[in-house]
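# Coordinate inspection notes
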Amino acid sequence: MTKLLLFNVLDDEIGVIDQWLAKNPTVQIDTNRVTLTAETVDLAQGYDGIVLQQDNLIDDPVIYQKLHEFGIKQISLRTTGYETVDLKAAAANDLVVTNVPAYSPRSVSELVLAHTMWLLRHLNVAAKRESQNDFTWENLQAREIHELTVGIIGAGKIGSEVARIFKALGSHVIVSDPVHRPELNSVVTYVDQETVFKEADIITMHTPLLDSTYHVVNEAAFQMMKPTAIFINASRGAVVDTPALLSALKTGEIAAAGIDTIENEADIFSKDFSQSKQPNEWLQELLSLDNATVSPHIGFYTDIAVKNMVEISLADALTVIAGKHSAHEISTEE
Ligand code: NAD
């Protein structure tokens, strides 16, 4: 019997874990709701492997040393991001780290579609009016999605799916990405970034957060956009200069924005501030605007994505424990 401990398990993962266990009767899985820290690492004693999903940094060297002492050979992450792990400390303690490189690119793209259609059809304005029993039509006339140009900055796994969705709806899709994918040739037209900012009616961000993409959407970028443009960010908060976004929304430099990720969101999204003050002032300001919609970083959060996160990470854990190589091992050279 192989014994695995899953840290920080959410309610919606339990059903997927149970289904997986039914197909893998030689594995025992225990779960908890705590994050892995120097205080909780002893919970892993007696297990063959651990599987994690957490935002907190695993930065105390003691954690890696103890996992090694317990005979554990891997840390399998249920997430794509692995910036929480000290890869050098893991390697020094013979711990192989794996991630889930893509759990469902479609999940994020469908949220982009949802934000876009909500804003395009002015449902944010209608909903606000309806809450006051006002059912008038003023300013609710909309454009149709197939008459518009959708501009994608970064068409990798997620941006490619966004492109396919909007192409299927009849939109003209333009993309700025240094990497041109031949499989998108019949779907998109590759252009430069400035052309996306100037010509697109919908502009949606899908790059990773890199030095080169930090605040790539700034005051100058918003100035280039059409006053009718809808801007969507479901990538990483810091690709956008948030004060510049707020100013563009308030001055009418752009028409609207749909935001699934914002700078400094780590301590806010997925938390409940109904009984206390929500500390991110940029988010407060965004939420106060009529022409912005905000979702709490739920682009990834679908049934298929959760299933893939659990199943892929469990398969990775068993592969490494069996002494084999997983295709999802993170190189320590990074
Ligand atoms: P990916 O690596 O598959 O694709 C990223 C693309 O961006 C690549 O094609 C790359 O060439 C391109 N790129 C890099 N620098 C660029 C630049 N300066 N200009 C234009 N293109 C550039 O990544 P992915 O899996 O598609 O993820 C995209 C983003 O979505 C990431 O920021 C990721 O963190 C985020 N994400 C968000 C959620 C969510 O819940 N909202 C979930 C998963 C991923």
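Residues numbered from 1 in each chain as written. Predicted model: local features only at pLDDT ≥ 70, side-chain atom pairs only at ≥ 80, totals over all residues. Heavy atoms only, no water.

By the naming in an unreviewed UniProt entry, the protein chain goes by Lactate dehydrogenase and is assigned to Ligilactobacillus pabuli. What the UniProt record of the protein chain gives under Sequence similarities (unreviewed entry) is the line "Belongs to the D-isomer specific 2-hydroxyacid dehydrogenase family." (UniProt positions renumbered as here; feature names shortened; annotations may be inferred.)

Owing to its 3.6 residues per turn, the α-helix brings residues three or four apart onto one side. If you check which residues of helix α1 (residues 11-23) are buried, you get Glu13, Val16, Ile17 and Trp20. Taken around the axis of α1, the buried residues stretch over an arc of 105 degrees, which confines them to a single face. Every exposed residue of α1 that faces more than 90 degrees away from the buried side is listed here: Asp11 and Ala22. Here the buried face of α1 lies against β1 (2-6), β2 (27-31) and α11 (303-321). (Buried < 20%, exposed > 50% of the residue type's maximum accessible area, 1.4 Å probe, protein only. Helix = DSSP H or I, 4+ residues; strand = E, 2+ residues; numbered from the N terminus. Arc of directions from axis to C-beta. Contact = heavy atoms within 4.5 Å.)

Moving on, we get to the pattern of salt bridges. All chains considered together, the criterion is met by 12 salt bridges. Where Asp177 meets Arg181, a salt bridge forms, and the shortest distance between an N and an O atom there is 3.8 Å. Under the relative-accessibility criterion, Asp177 is labelled buried at 14%. Looking at Arg181, the relative accessible area reads 22%, which means it is partly exposed. In this structure, Lys307 and Glu311 form a salt bridge, with 3.3 Å as the shortest nitrogen-oxygen distance. Of this pair, Lys307 and Glu311 are both found in helix α11, 4 residues apart, which corresponds to roughly one turn of the helix. For Lys307, a relative accessible area of 34% gives the class partly exposed. Ionic contacts of the salt-bridge type, sharing partners, join the residues Arg143, Asp201 and Lys226 into one network. (Salt bridge = Lys/Arg side-chain N within 4 Å of Asp/Glu carboxyl O.)

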